[in-house]
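Now for the letters of each chain:
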Amino acid sequence: MAATVLLALAQSAHADAGIDYAEALRRVRTAGGAVNGARLDYQAKQLQAEALRRIDGPDLRLSGFIGRVSTTLSVDTSPIGQAVNPLLDALPPLPGLTLPDLPPVLNVERVFDVRTVGLNTIWPLYTGGRLDAVKQIAAGRADEAGAGVQAALDEASTLLAQRYFTVQLAKRAWQLRGAAAALAREHQRMALKMERSGLIARVERLKADVAVDNAVREAAKAGSDLEIARLALRRLLDAPGAVAPTTPLFVHDHPPGSLASFIDAAKASNAAWKQIDSKRKQADGALRLQGRAFSPTVVGVANYNLNRGGASGANWLVGVSVSVPLIERIDRARMTAAARLEQQRVEVIAEQAGRDIPTLAESQWRAMEDARQRYLAMGAAIELAHETLRLAQVGFEHGQATSTDVADASLNVTKSSLERAQAAYDYVLALARLLGTSGEPERLAVLAKSATHVVDLDADPAADPAKD
C-alpha cells in the first residue's frame with residue numbers, strides 16, 4: 001500500500017509544473033499585485049518629483065483674445081458751452097429756426113472688435129527657498145515610495161516562503177500519513193490471519209481495524225491540507241495550472257550567519273530605515289517651506305504683444321514684481337510649529353526603530369537556531385521509534401505484543417517524523433523572515449542549495465528518515 005501511495009504522489013507531481021524556489025521568487029517579484037502596486041506608486045512619485053525640477057525657472061505662454069467691446073465715450077463740453085451759449089443767445093432770432101444750447105457733456109456709444117496675441121513669461125527670481133523646499137518634499141515622497149517597493153518585495157518574499165514550503169511540509173505529512181495507513185492495513189491483514197488461526201483474540205483484530213480507520217482518516221485530512229496549500233501557492237504565483245515545488249525543506253549543520261552579522265545587515269538594509277530617511281527629508285522640506293512663508297517674492301515679468309500692422313505697432317512690457325506678505329488668513333506660526341513637531345515625530349520613530357529592528361532580527365535568529373537544533377537533535381529519537389516499531393511487529397507475530405503496541409509504535413514513528421519535518425519548516429520560515437528583515441530575501445534560494453540536510457520527498461516514507 002505504501003508503494004501505491006507513493007505512485008499516486010509521483011503521478012500527481014509529474015502532472016504539475018515543477019518550479020524551484022528561485023523561479024517562484026522571480027515570479028512573485030515581477031507579477032505580484034502588491035509589488036506591482038508599489039512599483040506604480042514609485043513611478044508616479046518619481047514623475048511628480050521630476051515634473052517639479054524646473055519649478056524655479058521661467059515659463060513662456062502664448063495668450064490671445066478675440067471679442068467685441070462696447071464702450072461709451074464722454075466728452076466734457078461745459079467750457080465750450082460757457083463760451084458759445086452766450087453768443088448764440090445774443091444772435092437775433094431767425095424765422096423758423098431755434099438754435100439749441102450746447103450741452104455740457106457729449107456721450108458717444110462705440111462698438112468695436114478687439115484682437116490681441118502676445119507672449120507672456122514669469123520667472124521667479126527669489127522665493128526665500130520655498131520652491132527648493134517643494135522640490136525636496138517631492139523627492140522625499142519619491143524616496144518613500146521607493147522604500148515601499150523594497151518593503152513590498154520583502155513581504156512578498158516572506159509570504160512566498162511560507163506558502164511554498166507549507167506545500168512541502170503538507171506533502172511530507174501526506175506521505176507519512178499514507179505510509180502509516182499502509183502499515184496499519186498490513187497489520188490488519190496479519191491480525192485477521194492470526195485470528196483465523198486462533199493465535200489472537202477477536203479484540204486484537206478489532207483494535208487493528210480501529211487503527212486502520214484512524215490512519216485512513218488522518219491520511220485523508222493530510223491530503224486535503226496538501227490540496228489547500230497547493231491552491232494557495234498557485235494563486236500567489238498566479239499560475240494557470242497546478243505547480244509543484246521542487247526545492248525541499250532544508251537545514252544547515254551550522255547557522256548561515258552570526259547573530260551580529262544579521263543585526264548589522266538589518267541596521268543597514270532594512271526597508272524601514274529608507275522610509276525613515278525619506279520621512280526625515282519631507283519633514284525638513286515642510287519646515288523650510290513654512291519657515292520662509294513671510295519671505296519676499298521677486299518675480300520677473302515680461303509681455304510682448306504680437307499684433308502688427310496697427311497704427312500703434314507692437315507693444316511690450318518688462319518689469320520686476322515684488323510681493324511681501326504682511327497678514328495672511330493662515331496662521332504661519334502654528335504651521336511652522338506643526339512642521340517642527342513632525343520633525344520630532346520622525347526622530348522618535350527613528351529611535352524606536354533603532355531598538356525594534358535589532359530586537360526583531362535577534363528574535364528571528366534565535367527562532368531559526370532553535371528550530372535547527374531541534375531538527376538535528378531528533379535523529380536518535382526517530383531511529384528509536386523505528387526500532388520500537390520493528391520490535392512491536394515482531395513481538396505481535398510471536399504473541400508477545402498486542403495490536404495496541406503496534407499501533408502506538410506506528411503512531412510514534414509518524415509523530416516523530418512529522419515533528420522533525422515541522423522543525424525543518426520552522427527553520428526555513430524563520431530564516432526567510434530573518435533574511436527579509438536584513439534586506440536580502442533572495443539569499444534564501446542560495447542557502448537552500450548549500451544545505452546539509454534536506455527532507456527528501458522522493459524517499460520511501462516508511463524508511464528511517466534520520467539518515468538524511
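Residues numbered from 1 in each chain as written. Predicted model: local features only at pLDDT ≥ 70, side-chain atom pairs only at ≥ 80, totals over all residues. Heavy atoms only, no water.

### Overview of the overall build of the protein chain
Along its length, the protein chain carries 12 helices and eight strands. Among the 468 residues that make up the protein chain, the fraction classed as buried is 38%. Pairs at least 24 apart in sequence give 87% of the contacts found in the protein chain among residues at least 6 apart. In the form shown here, the protein chain has an accessible surface area of approximately 26,300 Å², with 58% of it arising from carbon and sulfur atoms. (Helix = DSSP H or I, 4+ residues; strand = E, 2+ residues; numbered from the N terminus. Buried < 20%, exposed > 50% of the residue type's maximum accessible area, 1.4 Å probe, protein only. Contact = heavy atoms within 4.5 Å. Areas by Shrake-Rupley, 256 points an atom, 1.4 Å probe, with all protein chains shown as cover.)

### Some remarks on the nonpolar core
Formed by 62 residues in total, the largest nonpolar core has its most connected members in Tyr21, Leu160, Phe165, Phe250 and Leu444. With 12 residues, the top contributor of residues to this core is helix α11 (residues 403-437). In contact with leucine 160, not counting residues within four places along its chain, are Tyr21, Ala24, Leu25, Val28, Leu233, Leu236 and Leu237. Counting 13 residues, the second-largest nonpolar core is a separate cluster that includes Leu183, Ala208, Ala401 and Val406. (Core = buried A, V, L, I, M, F, W, Y, C linked by side-chain atoms within 4.5 Å.)

### A few points about the side chain of threonine 336
Looking at where threonine 336 falls in the secondary structure, it is placed in helix α9 (residues 332-377). A distance of 3.4 Å separates a polar atom in the side chain of threonine 336 from the backbone oxygen of glutamine 290. (Polar contact = N/O pair within 3.5 Å; in protein donor to acceptor, adjacent residues only side chain to side chain.)

### Some points on the packing of aromatic side chains
On inspection of all chains with the given rule, the structure shows five aromatic pairs. Consider the rings of tyrosine 164 and phenylalanine 165, whose centres lie 5.0 Å apart with planes at 70 degrees: the pair is edge-to-face. Neither tyrosine 164 nor phenylalanine 165 differs from the other in exposure class; each is buried. Taken together, Tyr21, Tyr164, Phe165, Phe250 and Tyr427 form an aromatic cluster joined through their ring pairs. The side chain of arginine 420 reaches across the aromatic face of tyrosine 375, ending 4.0 Å from its centre. (Phe/Tyr/Trp six-rings, centres within 6.5 Å; stacked < 30°, edge-to-face > 60°. Lys NZ or Arg CZ within 6 Å of the ring centre and 35° of its normal.)

### What about the environment of aspartate 20?
If you trace the backbone, aspartate 20 turns up in the loop between β1 (17-19) and α2 (21-31). Residue classification places aspartate 20 among the partly exposed residues on the basis of a relative accessible area of 32%. Distance in space between the C-alpha atoms of aspartate 20 and valine 243 is 9.9 Å, their sequence separation being 223 residues. A polar contact of 2.9 Å, which involves the side chain of aspartate 20, links it to the backbone nitrogen of glutamate 23.

### Focus on the pattern of salt bridges
Summed over all chains, the structure comprises 26 salt bridges. Among the salt bridges present, the one from glutamate 144 reaches lysine 279, with a minimum N-O distance of 3.0 Å. Taken together, the positions of glutamate 144 in helix α5 (residues 130-196) and lysine 279 in helix α8 (residues 271-291) put the pair 135 residues apart, joining distant regions of the chain. The partly exposed category is assigned to glutamate 144, whose relative accessible area is 24%. A salt bridge links aspartate 225 to lysine 221, with the nearest nitrogen and oxygen atoms 3.2 Å apart. Residue aspartate 225 and its partner lysine 221 are located together in helix α6 (residues 202-237), separated by four residues, close to a single helical turn. Taking the relative accessible area as the measure of exposure, aspartate 225 reaches 34% and is therefore partly exposed. Taken together, the shared-partner salt bridges connect Glu23, Arg26 and Arg27 into one network. (Salt bridge = Lys/Arg side-chain N within 4 Å of Asp/Glu carboxyl O.)

### Quick look at the pairing of strand β7 (residues 316-323)
Burial runs low along β7: only zero of the eight residues are buried. Direction of pairing for strand β6 (residues 297-305) relative to β7: antiparallel, over a ladder of eight bridges. From the neighbouring strand, threonine 297 faces β7, where its bridge partner is serine 323. (Pairing = 2+ DSSP bridges.)

### Here we look at the packing of α2 against α5
A packed helix pair is summarised by two numbers, namely the angle formed by the two axes and the spacing between the axes. Direction vectors running N to C along α2 and α5 enclose 135 degrees, while the axes themselves pass 10 Å from each other. Accordingly, the angle class assigned to the pair α2 and α5 is oblique. For the element pair α2 and α5, the recorded crossing hand is right-handed. Residue-level inspection shows Tyr21, Ala24, Leu25, Val28 and Arg29 of α2 in contact with α5, the latter providing Leu153, Ala156, Ser157, Leu160, Ala161, Tyr164 and Phe165. Residues belonging to the contact of α2 with α5 are distributed by class as follows: 10 nonpolar, one polar and one charged. (Axes fitted to C-alpha atoms, helices over the stretch in contact; angles between N-to-C directions. Parallel < 35°, antiparallel > 145°, perpendicular 65-115°, else oblique. Left-handed = near helix turned anticlockwise from the far one by under 90°. Nonpolar A, V, L, I, M, F, W, Y, C, P; charged D, E, K, R; others polar.)

### What to know about unusual backbone geometry
Phi at aspartate 238 is positive, roughly 55 degrees, even though this residue is not glycine. Of note, aspartate 238 is situated in the loop between α6 and β4 (243-245). Residue classification places aspartate 238 among the exposed positions, given a relative accessible area of 61%.

### Here we look at the confidence of the model for the protein chain
Averaged over all residues, the pLDDT of the protein chain equals 85, while 86% of them reach at least 70. Averaged pLDDT values over the elements of the protein chain bottom out at 48 in helix α1 (residues 2-15) and peak at 96 in strand β5 (residues 250-251). When the criterion is pLDDT under 50, residues 1-7 qualifies, and its contacts beyond four places in sequence or with other chains add up to eight contacts. (pLDDT = per-residue confidence, 0-100.)

### Observations concerning a nonpolar patch on the surface
On the surface, Leu60, Leu62, Val117, Leu119, Tyr304, Leu306, Trp316 and Val318 cluster together to form a nonpolar patch covering roughly 810 Å² of accessible area. Every element with two or more residues in the nonpolar patch is listed here: β2 (59-76), β3 (105-126) and β7. Within the secondary structure layout, valine 117 lies in strand β3. A relative accessible area of 36% places valine 117 in the partly exposed class. (Patch = residues over 30% accessible without salt bridge, like charges linked within 9 Å, V, L, I, M, F, W, Y side chains within 5 Å.)

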